[in-house]
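As a plain string of letters, each chain reads:
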Amino acid sequence: MSEIYVVTSGKGGVGKTTTTANLGMGLAMRGKKVVLVDTDTGLRNLDLLLGLENRIMYDLIDVTEGRVAYKKALVRHKKYDNLFLLPTSQVKDKMAVNPEQLVKLCDDLRKEFDYIIIDCPAGIEQGFKTAIAAADTALVVTMPEISAVRDADKIIGELGRADKENIKLIVNRIRPQMVEDGDMLDMEAINDILSLDCIGQVPDDLKVVTSTNKGEPCVTMNDSEAGQAYRNIVGRMLGEDIPFMEFHKDGGWWKRLKRMFKR
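Here the structure is a predicted model, which is why all the values come from computation and not from measurement.

With that settled, consider the sheet that holds strand β8 (residues 198–203). For sheets, the rule is that strands pair by backbone hydrogen bonds, running either parallel or antiparallel. Strand order across the open sheet formed by 8 strands is β3-β4-β2-β5-β1-β6-β7-β8, with mixed pairing between neighbours. Each having just a single partner strand, β3 (75–76) and β8 make up the two edges of the open sheet. In this structure, β3 lies alongside strand β4 (residues 83–86), joined through 2 bridges in antiparallel fashion. Counterpart to V75 in the pairing with β4 is L85.

Pasting the structure below:
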């Protein structure tokens, strides 16, 4: 039986699309047949993160409006032939697809794919309501900042009102030294606010920027802490019991010197 995940967030810029690309790639690396559905209509970026921007012929709107079959709009990944992207339009708005259309599409995709991962627009407007409609599980992505966590709390409430009960948390762009210095929320504080099962803790990693610019998700990089964190999330999605990582802190001499003088 296939599983449908929606990756969502209240606040933009927390790494929702990066998470979608990495989880999709990670599942494909584990031999699963995966399709990523971009529903962020008008602000399409998932194709860039996968290096597929030059291979798009048709999009989600072409499919939902009946101009082409979904198989014709799918873009197969260049390296992993079991990973596909269904891109959305750059020129339409988020009202171009309604929840019923996406549910019907996902019902068709279930017959062919092990995992369907929907990249949801940020916020709680119509695009959000459409994206979550077909999902079995919602992955809420946030950052350890109070505004991002507050927005995540709002999203969790909206998911509950939509009768979505299976909700997991991914905390992205964690800076361990800032957490230790009290400049960033720790997991205990986040848990106190959100009270949600956490499936992933991803460190802030410059290799994410490098991988994004290259169109190669960092989950493929053995020397990336964020890549390892995404591989761990994939393992948990597959039912594996994987402990959370201990992240490296900024232990440089200049940082230590500044902290010494602060005392």
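There is more to say, and it comes next.
To continue, consider the nonpolar core. In terms of nonpolar packing, the biggest core is built from 45 residues, with V37, I116 and I118 touching the most fellow members. Leaving out residues up to four positions away in the same chain, V37 has contacts with L60, L86, L102, L109, I116, I117, I118 and D119. Listed in part, the 38 residues of the second largest apolar core include Y80, A226, A229 and M237.

We now examine the UniProt feature "domain: AAA" (unreviewed entry) in the protein chain. Under the feature "domain: AAA" (unreviewed entry), the UniProt entry names residues 4–165. Counted over residues 4–165, helix gives 38% and strand 17%. Its end C-alpha atoms are 14 Å apart.

Attention now goes to the layout of surface pockets. Here the largest pocket defines a volume of roughly 460 Å³. As for the largest pocket, its lining consists of 29 residues, of which G13, V14, G15, K16 and T18 are closest to the centre. Listed by contribution, the elements that provide at least two residues to the lining of the largest pocket are α1 (16–29), α2 (46–49), β7 (167–174), β8 and α10 (206–214). Examining the composition of the lining of the largest pocket, we find that 4 residues originate from one element, α10, more than from any other.

Turning our eyes to something else, we now look at the packing of helix α7 (residues 146–161) against helix α9 (residues 187–194). Direction vectors running N to C along α7 and α9 enclose 30 degrees, while the axes themselves pass 10 Å from each other. For the element pair α7 / α9, the angle class is roughly parallel. Along this stretch, α7 crosses α9, giving a crossing that reads as right-handed. Taken together, the residues of α9 that come into contact with α7 (itself represented by I146, V149, A152, D153 and I156) are I190, I193 and L194.

A few words now on the packing of aromatic side chains. Under the criterion given, the structure shown has 2 aromatic pairs. When the ring of Y5 is compared with that of Y115, the centres are 6.2 Å apart and the planes differ by 25 degrees; the resulting orientation is stacked. Note that Y5 is positioned in strand β1 (residues 3–8) and Y115 in strand β5 (residues 115–119), a separation of 110 residues in sequence. Exposure remark for Y5: the relative accessible area of 6% places this residue in the buried category. For Y115, a relative accessible area of 6% corresponds to the buried category. Geometry around F113 places K33 over its ring, the cationic atom sitting 5.2 Å from the centre. Taking the ring centre of F244 as reference, the NZ or CZ of R236 above it sits at 4.2 Å.

Attention now goes to the environment of I146. Inspection of the secondary structure assignment puts I146 in helix α7. Considering only alpha carbons, one finds I146 and V234, 88 residues apart in sequence, at a separation of 27 Å. Excluding anything up to four places from it in sequence, I146 contacts L185 and I193.

A separate point is the pairing of strand β2 (residues 34–38). Of all 5 residues in β2, 5 are buried; the element is thus mostly enclosed. Burial along β2 is two-sided: the residues V34, L36 and D38 and V35 and V37 are all buried. As judged from the 4 bridges shared by β2 and β4, these two strands associate in the parallel manner. Opposite V35, over in β4, you have F84 as the bridge partner. Sheet topology places β2 next to β5; 5 bridges connect them, and they run parallel. Counted as the bridge partner of V35 is I116 from β5.

Thresholds applied
Residues numbered from 1 in each chain as written. Predicted model: local features only at pLDDT ≥ 70, side-chain atom pairs only at ≥ 80, totals over all residues. Heavy atoms only, no water. Pairing = 2+ DSSP bridges. Helix = DSSP H or I, 4+ residues; strand = E, 2+ residues; numbered from the N terminus. Core = buried A, V, L, I, M, F, W, Y, C linked by side-chain atoms within 4.5 Å. Buried < 20%, exposed > 50% of the residue type's maximum accessible area, 1.4 Å probe, protein only. Contact = heavy atoms within 4.5 Å. UniProt positions renumbered as here; feature names shortened; annotations may be inferred. 1 Å grid on protein atoms, 1.4 Å probe; cavity = no way out; pocket = protein on both sides within 12 Å on 5 of 7 lines; lining within 4 Å. Points joined across faces, edges and corners; volume = space filled by probe spheres on them. Axes fitted to C-alpha atoms, helices over the stretch in contact; angles between N-to-C directions. Parallel < 35°, antiparallel > 145°, perpendicular 65-115°, else oblique. Left-handed = near helix turned anticlockwise from the far one by under 90°. Phe/Tyr/Trp six-rings, centres within 6.5 Å; stacked < 30°, edge-to-face > 60°. Lys NZ or Arg CZ within 6 Å of the ring centre and 35° of its normal.

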